[in-house]
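Structural description and commentary
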Amino acid sequence: MSNSTPYGLEASELDELHDFLVAHPGPAGLMLDGVHGLLSAVVAGPEPVPASEWLPQVVDEESGFTDADQSNRILSLIVRLYNSVVQELEAFTYEPIFGEYEEEDGSAELAAVGWCEGFSVGIDLRSEVWETRMATDPRLMDLLDPIIRISADEGLFESDTTEQLAPLDDEERETLLRAIGGAVGDLQQYWREQPPLPNEANATEAPPPPLPRRRAGRWVH
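Throughout what follows, the structure given in this document is the object of discussion. (Residues numbered from 1 in each chain as written. Predicted model: local features only at pLDDT ≥ 70, side-chain atom pairs only at ≥ 80, totals over all residues. Heavy atoms only, no water.)

Topic: the packing of aromatic side chains
Enumeration over the complete set of coordinates arrives at 6 aromatic pairs. Each ring, one from Trp-54 and one from Tyr-82, has its centre 5.5 Å from the other, and the planes form 5°; the classification is stacked. Pair noted here: Trp-54 is in helix α3 (residues 51-58) and Tyr-82 is in helix α4 (residues 68-90), with a separation of 28 residues, a long-range link. Taken together, a centroid distance of 5.2 Å and an interplanar angle of 85° make the contact between Tyr-190 and Trp-191 edge-to-face. Owing to a relative accessible area of 0%, Tyr-190 belongs among the buried residues under this scheme. Note on Trp-191: relative accessible area 2%, which makes it buried. The structure contains a cluster of three or more aromatic residues connected by ring pairs, namely Phe-98, Trp-115 and Phe-119. (Phe/Tyr/Trp six-rings, centres within 6.5 Å; stacked < 30°, edge-to-face > 60°. Helix = DSSP H or I, 4+ residues; strand = E, 2+ residues; numbered from the N terminus. Buried < 20%, exposed > 50% of the residue type's maximum accessible area, 1.4 Å probe, protein only.)

Okay, structure coming up:
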């Protein structure tokens, strides 16, 4: 995971939430990094998204919990994770939570694919607004560029467009990974300065469907 601990959650609590998600994956199959990406898109996005919309992507409230105590505990951790994203973005200290892949030699490599997958799920919750604005304002695409390029390099999206992007070398990848945190803050500021117009929230033409996503890799410590 990232080197910094989000406000309001101890490392042990992040591990607790991670272990629960591994054992009880929700409908979208997001692990801790993916949930953090989802919440980041929700918080930084064009308009408020109620928990009743994003929470079902994270956990199945009807069958995902053993008992009421577990439900209360896990839901409180998820809400605190959401609040940590809000607080970090306001304080300009936001950093994404990335996963790690274990290499054959035992070393760990940061992997942004899970976080990017969650972020794209968050965008899907307000896809009409995002897609309509992306089609008309190149600046939004520029702000999304680090996330799009990392997503493509990690093999998250399957499309002719992303397949045309050249593979990243180690230095380029590291630069883009460092840029993602700032990109999320810039996206939040963009939407604050240029909120969605009524015709964007109710587009007359259906936006293109979201790009097919490959499943993120497993999380390791």
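The discussion continues.
A few points about helix α5 (residues 113-124)
Side chains that are three or four residues apart share a direction in an α-helix, a result of its 3.6 residues per turn. With 12 residues, α5 extends 16 Å from end C-alpha to end C-alpha; this agrees with the ideal 16 Å at 1.5 Å per step. Burial analysis of α5 places 11 of its 12 residues in the buried class, which makes it a mostly covered element. Regarding α5, the residues found buried are Val-113, Gly-114, Trp-115, Cys-116, Glu-117, Gly-118, Phe-119, Ser-120, Val-121, Gly-122 and Ile-123. (Expected span 1.5 Å × (residues − 1).)

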